[in-house]
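Architecture at a glance
These are the residues of each chain, in order.
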Amino acid sequence: MSTATINESELLRTALVGDVTSPVLGGSPYDVSADGVPFVPVGAGGICYTVEVGMPAAGWAADQVEPGVSIANPSDPANEALLVYACVGNRVTVRSGAAAGATGVVTGKHEAFHAYKHVLVHLDKDALDAIVPGDRLVVSACGRGMQVDGLPELSCHSLSPDLWNAWAPQRRDAGLRVRVTRALPPEVVGMGSGRVSGSTSVALQPGPADLEHLRIGDLVAIHDWDASYYTGYHEGRMTVGLVSTGDSPVLGNGAATTILLSGPTSSFEFVEDGAANLADLLGLA
Amino acid sequence: MVEIGLEAEIAHPSHSGSYTVDSYGRPIILPGMAGVVANARVGDLVFPWAADHLEPGVSAGNPNRERYHALQFLSCVGNVVRVLDGPAAGALGRVTGKHAFVLVDFPRAALDVLAPGDRLLVRAVGQGLRLLDFEDVAARSCSPTLLEGMGVAVTGDGRLRIEVTAEVPAFMMGAGLGMSSEWANCDVMFTRREVVERLGFEHVRLGDVVAMHDQDHRYGRGYRAGMCAFGVVAHGGYGGIPGHGMGVATILSGPAERFEIVRAPDANLRRYLELAD
């Protein structure tokens with residue numbers, strides 16, 4: 001068995017722009033928790049100094065807290081392109097403001113219903129302290145179009161060559177052996193079914209599986225779930241995602257998980273490994 | 001309970017100009033959403049249509065965002081709707097479900113002449129409805145007319161007896177989870193014929209009342225073991241994109257032990273609301 005190879009030499013590297021967002025609220029600041037208790041959501045949009053990739057997904061007084069810096073392009077069609085082309089592990093450079101010149105890494109995506117679509121970026125502490133909403137970042141996007149050599153039945157989304165090489169899936173007879181922190185049943189997916197796989201996140205809702213000790217950055221497998229084009233139930237297929245935000249008090253919501261890889265169950269063998277986390281794989285912590 | 005009048009108009013279908021992709025990986029462009037569907041109505045089978053998000057009858061919206069939200073949140077299944085202008089002016093219909101629009105059934109003669117842009121008035125009543133002896137059961141978008149029409153009885157052991165045509169397992173619940181209980185509906189991920197057949201849902205009809213197991217739809221929609229939700233089948237068609245499918249608009253939710261579920265092949269809005277042909 002050896003590390004599986006991809007069409008890395010064929011992949012384009014393109015520049016996409018995202019500006020640091022600022023949190024948004026509706027006319028009433030209150031959302032309602034699963035138990036019917038009103039709360040003020042905090043954590044999505046802008047800059048989060050407290051939470052970074054590698055930390056627990058649960059235990060924050062927050063709703064889907066986005067670690068690090070949250071960016072979006074102010075033009076909706078350009079933002080769609082940013083979301084579709086940016087891949088986890090891509091390099092990001094700050095282009096304006098006091099942190100100009102600092103570099104970071106894409107850690108995930110976060111789509112909220114009828115609201116924002118963000119790309120999440122990890123920066124080191126000095127850059128995080130210096131950056132402000134409105135500062136411009138450039139994502140050096142690479143990964144869209146990725147194919148695993150010899151396995152055309154697998155769909156890759158939001159997965160950069162850098163993450164692929166660090167994750168190092170192994171080639172075995174009928175497919176891949178990949179490391180994940182856990183494998184989950186299909187009903188764990190709450191909000192996020194029916195979305196475009198390449199640009200979205202799906203929420204891991206509590207209840208159907210034990211999500212204790214889940215960390216932001218964890219790679220997870222979801223059984224009977226397909227994300228070849230859109231996200232949805234499909235027996236006999238599997239999807240690998242990367243936990244990108246903290247969890248949520250809202251019913252049917254939870255940690256937003258970015259889609260990386262999807263294909264027939266028979267093409268995967270999973271090895272549970274607590275270190276299958278973006279922070280560990282890319283040395284971000 | 002308060003009854004109020006809400007302004008609405010029949011929405012025109014719209015299109016992104018590009019293909020979506022179905023569960024077989026095929027590019028698709030299919031009708032179904034918005035406007036007037038004259039030949040698929042509440043009471044007809046859900047699936048045998050070449051459609052995506054097939055909204056039977058009339059789809060009512062409002063071009064003003066805030067008014068649209070009021071229409072979407074305050075309309076309840078069973079509410080009376082009146083046509084205000086156009087050749088069908090004066091015709092009366094009933095709210096039969098919710099999706100991106102409020103879905104309304106009218107008599108066939110009206111459906112034949114209604115068109116996008118025609119103005120409607122929804123007489124909204126039902127949000128705030130409580131079952132006084134069942135404080136742990138939430139009613140959502142359920143008009144008093146519907147509750148009465150369903151003939152919900154209290155069993156000898158103190159449970160609500162609900163007739164359904166089908167029971168949905170939690171793993172099939174898709175787009176609509178995580179949203180407000182009163183907003184639109186939740187899709188049951190029937191986008192492939194073989195899954196419809198394997199789970200035995202070919203007989204289900206638009207407007208059927210169905211049970212959804214391990215679903216809590218009181219304050220939003222999501223998985224919760226031991227809870228149960230009920231809804232009406234609002235939209236259908238075979239052709240949906242993955243993660244979507246048969247839409248079910250929430251009407252009731254509470255602890256599973258508070259309900260006695262009874263299978264009844266005619267648990268349908270056409271009977272419960274005495275919809276005119």
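The structure under discussion appears in the preceding block.
Residues numbered from 1 in each chain as written. Chains lettered and ligands numbered in written order. Predicted model: local features only at pLDDT ≥ 70, side-chain atom pairs only at ≥ 80, totals over all residues.

1. Some thoughts on the overall build of chain A
Note the threshold: The way it works is that DSSP assigns letters per residue, a run of H or I at least four long becomes a helix, a run of E at least two long becomes a strand, and they are numbered from the N terminus. In this description the radius of gyration comes from C-alpha coordinates, and the expected globular size is given by 2.2 Å times residues to the power 0.38. Partly exposed residues are those whose C-beta has more than 12 but fewer than 20 other C-beta atoms within 10 Å; with 20 or more the residue is buried, with 12 or fewer it is exposed, and the C-beta atoms are placed from the backbone. We call two residues in contact if the C-beta atoms placed from their backbones are at most 7 Å apart.
Counting its secondary structure elements, chain A contains four helices and 19 strands. Taken over C-alpha atoms, the radius of gyration comes to 18 Å for chain A, in line with the 19 Å a tight globule of 285 residues would show. Projected onto its principal axes, the C-alpha coordinates of chain A cover approximately 55 × 45 × 35 Å. Counting over 285 residues, chain A shows a buried share of 57%. Residue pairs in contact within chain A that sit at least 24 positions apart in sequence constitute 73% of those at least 6 positions apart.

2. A short note on the overall build of chain B
The number of helices and strands found in chain B is five helices and 19 strands. Taken over the C-alpha trace, chain B has a radius of gyration of 17 Å; the compact-globule value for 277 residues is 19 Å, and the two agree within 12%. Expressed as lengths along the three principal axes of its C-alpha atoms, the size of chain B is roughly 50 × 45 × 35 Å. The buried share of chain B, taken over its 277 residues, is 58%.

3. A few points about the interface of chain A and chain B
The cut-off we apply is this: Each residue gets one label: Ala, Val, Leu, Ile, Met, Phe, Trp, Tyr, Cys and Pro are nonpolar, Asp, Glu, Lys and Arg are charged, and the others, such as Gly, are polar.
Contacts between the two partners involve 27 residues from chain A and, on the opposite side, 27 residues from chain B. Here the side of chain A that touches chain B takes three residues from strand β17 (residues 232-243) of chain A, the largest share from any one element. For the side of chain A that touches chain B, a count of residues per class yields twelve nonpolar, twelve polar and three charged.

4. A look at the sheet that holds strand β12 (residues 170-172) of chain A
Residues and elements named next belong to chain A. The test is simple: Pairing between two strands is assigned when DSSP locates at least 2 bridges connecting them.
One open sheet accounts for four strands, arranged β1-β12-β13-β19; its pairing is mixed. Either end of the sheet is taken by a strand with one partner, and the two such strands are β1 (2-3) and β19 (268-272). Pairing between β1 and β12: two bridges, direction antiparallel. Looking at β12, one finds that T3 is bridged to Q170.

5. Brief notes about the environment of S2 of chain A
Residue and element names in this part refer to chain A. With respect to the helices, strands and loops of the structure, S2 is situated in strand β1. Here S2 falls in the exposed class, since 8 other C-beta atoms lie within 10 Å of it. The sequence separation of S2 and V20 amounts to 18 residues, and the corresponding C-alpha distance is 40 Å. Discounting chain neighbours no more than four positions away, the residues touching S2 are Q170 and R171.

6. Notes on the nonpolar core
Put simply, the rule reads: Joined through C-beta atoms within 7 Å, a set of buried Ala, Val, Leu, Ile, Met, Phe, Trp, Tyr and Cys residues constitutes a nonpolar core.
Grouped together as the largest cluster of nonpolar side chains are 166 residues, with contacts concentrated most on A86 and V121 of chain A together with A60, V122 and V248 of chain B. Discounting residues that sit within four places of it in the chain, A86 of chain A has contacts with L16, V106, V119, V139 and A141 of chain A.

7. As for the sheet that holds strand β19 (residues 259-263) of chain B
In spatial order, the strands read β11-β12-β19 (chain B); together these three strands make up an open sheet with mixed pairing. The strands lining the two open edges of the sheet, one partner per strand, are β11 (153-154) and β19 of chain B.

8. As for helix α1 (residues 76-85) of chain A
Turning to α1 of chain A, its buried residues are N79, L82, L83 and Y85 of chain A. Contacts made by the buried residues of α1 of chain A are with β2 (14-20), β6 (68-72), β8 (103-111), β9 (117-122) and β10 (136-141) of chain A.

9. Re the pairing of strand β16 (residues 209-216) of chain B
All names here are of chain B. Taken across its eight residues, β16 has seven buried, putting it largely inside the fold. Two strands pair when backbone bridges link them, and strand β13 (residues 166-168) and β16 are joined in this way by three bridges, in the parallel orientation. Its bridge partner being in β16, E167 is matched across the sheet by A211. In the sheet, β16 pairs with strand β17 (residues 222-235) via seven bridges, with the strands oriented antiparallel.

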